[in-house]
Amino acid sequence: MNMKRDLLSAFDMKDDLEDIVDLAISLKKRRYDYDPVLSRHILGMIFEKPSTRTRVSLETAIEQLGGHAIYLNPNDMQIGRGETVADTARVLSRFVDFISYRAHSSENVAELARNATVPVINALDNKEHPVQIVADFMTMKEKFGKLQALKLAYVGDGNNMANSLIAGAAILGMNVSVAAPPGHKPDSSIMQRSKDLAKKKSTSVEILDQPEDAVANADAVYTDVWVSMGEEAEKKEKEKQFAGYQINDSLMAKANKNAIFMHCLPAHRGLEVSASVIDGPKSVVFDQAENRLHTAKAILLTLHKSRSRGQ
Ligand code: CP
Ligand code: NVA
């Protein structure tokens, strides 16, 4: 039997997302003071797309826990010459203890996970970005002392970031309002699953047309780039479609007085967010970035523990 746990989607944390957040908060308090629990453990990191935060946080995290990371560029691997994802998974599983994969296609991430005998971490694909949201919810918990019943407003592209945030917020018992232009709404099956979860918790997950309506009473206002990696050909068209969706001072003024501004980064000042907001006092974007390190450790430890327990 294959005893391992993968992190491919926010829903893979439906029973313990807040526990992982809390573990990350405790790890942050003792940044360099921990046992090398993952001594000699190796993380293989496949990146089909560029990365600053995900790569460096995962690599630093495993090193600080006593292990080591190997950065794998598909152009330098046989996968770049046609070796299958499945065979790559089987081979890497004979060498390494975890695999992280940043991929163009969520099907490839699922295929890798199905064929790997070690835990697989989705380091972003076209559908989700589950490791980022752990840092985001950690940041919200640090700022507000709780997560339950907070309101998260997401304004912009209904992309991988939006999908994972909506699912995560529903899991945590938060309220979510999304404003996205026609044709760029979040994934419908993720929306449905999140709405079902919210119903059980008496919270709400909704899509609205106007950014002003989405941010009303929000505790956190979140946006992401309008043009994700791989969508560069749509840049001109998307920038036109998203023109009314910028987070600026006047939109932030419609949220709660103590609302925070969030962005997974990298950001484009003057497009999805004004410089005055992202560089202003409500912005927590660099806390989110720092928390990628602490949450990367919490994720690795959680997957390792599940594996040792045979879950
Ligand atoms: N937020 C995030 O995942 O950033 P990178 O693309 O730099 O990893
Ligand atoms: N939605 C963005 C997130 C980058 C971290 C992208 O996929 O490019």
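Residues numbered from 1 in each chain as written. Chains lettered and ligands numbered in written order. Predicted model: local features only at pLDDT ≥ 70, side-chain atom pairs only at ≥ 80, totals over all residues. Heavy atoms only, no water.

1. Here we look at the overall build of the protein
Line of reasoning, step 1. Secondary structure summary: the protein contains twelve helices and nine strands in total.
Line of reasoning, step 2. The C-alpha atoms of the protein give a radius of gyration of 19 Å, which matches the 19 Å a tight globule of 311 residues would have.
Line of reasoning, step 3. Residues classed as buried in the protein amount to 56% of the 311 residues present.
Line of reasoning, step 4. In the protein, 77% of the contacts between residues at least 6 apart in sequence involve partners at least 24 apart.
Line of reasoning, step 5. Accessible surface, the protein: about 13500 Å² in total, of which carbon and sulfur atoms supply 49%.
Line of reasoning, step 6. Charge separation in the protein, taken as the distance between the mean sites of 40 positive and 41 negative side-chain charges, equals 3 Å. (Helix = DSSP H or I, 4+ residues; strand = E, 2+ residues; numbered from the N terminus. Rg over C-alpha atoms; globule rule 2.2 N^0.38 Å. Buried < 20%, exposed > 50% of the residue type's maximum accessible area, 1.4 Å probe, protein only. Contact = heavy atoms within 4.5 Å. Areas by Shrake-Rupley, 256 points an atom, 1.4 Å probe, with all protein chains shown as cover. Lys, Arg positive; Asp, Glu negative; His and termini not counted. Charge placed at Lys NZ, Arg CZ, Asp CG, Glu CD.)

2. Here we look at the sheet that holds strand 3 (residues 98–102)
Line of reasoning, step 1. Pairing within the open sheet is parallel, and its four strands lie in the order 2-1-3-4. At either end of the open sheet lies a strand with only one pairing partner, and these are strand 2 (68–72) and strand 4 (120–122). The average undirected angle you get between the axes of adjacent strands in this sheet is 20°.
Line of reasoning, step 2. Here strand 3 pairs with strand 4 via three bridges, running parallel. Paired with Ile99 across the two strands is Val120, which belongs to strand 4. (Pairing = 2+ DSSP bridges. Axes fitted to C-alpha atoms, helices over the stretch in contact; angles between N-to-C directions.)

3. Comments concerning the site of ligand 1
Line of reasoning, step 1. Near ligand 1, the surroundings consist of Ser51, Thr52, Arg53, Thr54, Arg102, His129, Gln132, Cys264, Leu265 and Arg292.
Line of reasoning, step 2. Between ligand 1 and Gln132 there is a distance of 2.9 Å, counted from a nitrogen atom to a side-chain nitrogen or oxygen.
Line of reasoning, step 3. Leu265 is positioned such that a nitrogen or oxygen atom in its backbone is 2.9 Å from a nitrogen atom of ligand 1.
Line of reasoning, step 4. A per-class count over the shell around ligand 1 returns two nonpolar, five polar and three charged. (Near = heavy atom within 4 Å. Polar contact = N/O pair within 3.5 Å; in protein donor to acceptor, adjacent residues only side chain to side chain. Nonpolar A, V, L, I, M, F, W, Y, C, P; charged D, E, K, R; others polar.)

4. Notes on the environment of Phe242
Line of reasoning, step 1. Take Phe242: it is sitting in the loop between helix 9 (235–241) and helix 10 (249–252).
Line of reasoning, step 2. Its relative accessible area of 0% is what places Phe242 among the buried residues.
Line of reasoning, step 3. Along the primary structure Phe242 and Pro119 are separated by 123 residues, whereas in three dimensions their C-alpha atoms are 37 Å apart.
Line of reasoning, step 4. In contact with Phe242, not counting residues within four places along its chain, are Gly156, Asp157, Pro181, His184 and Trp226.

Everything listed is a geometric property; what it means functionally is a separate question.
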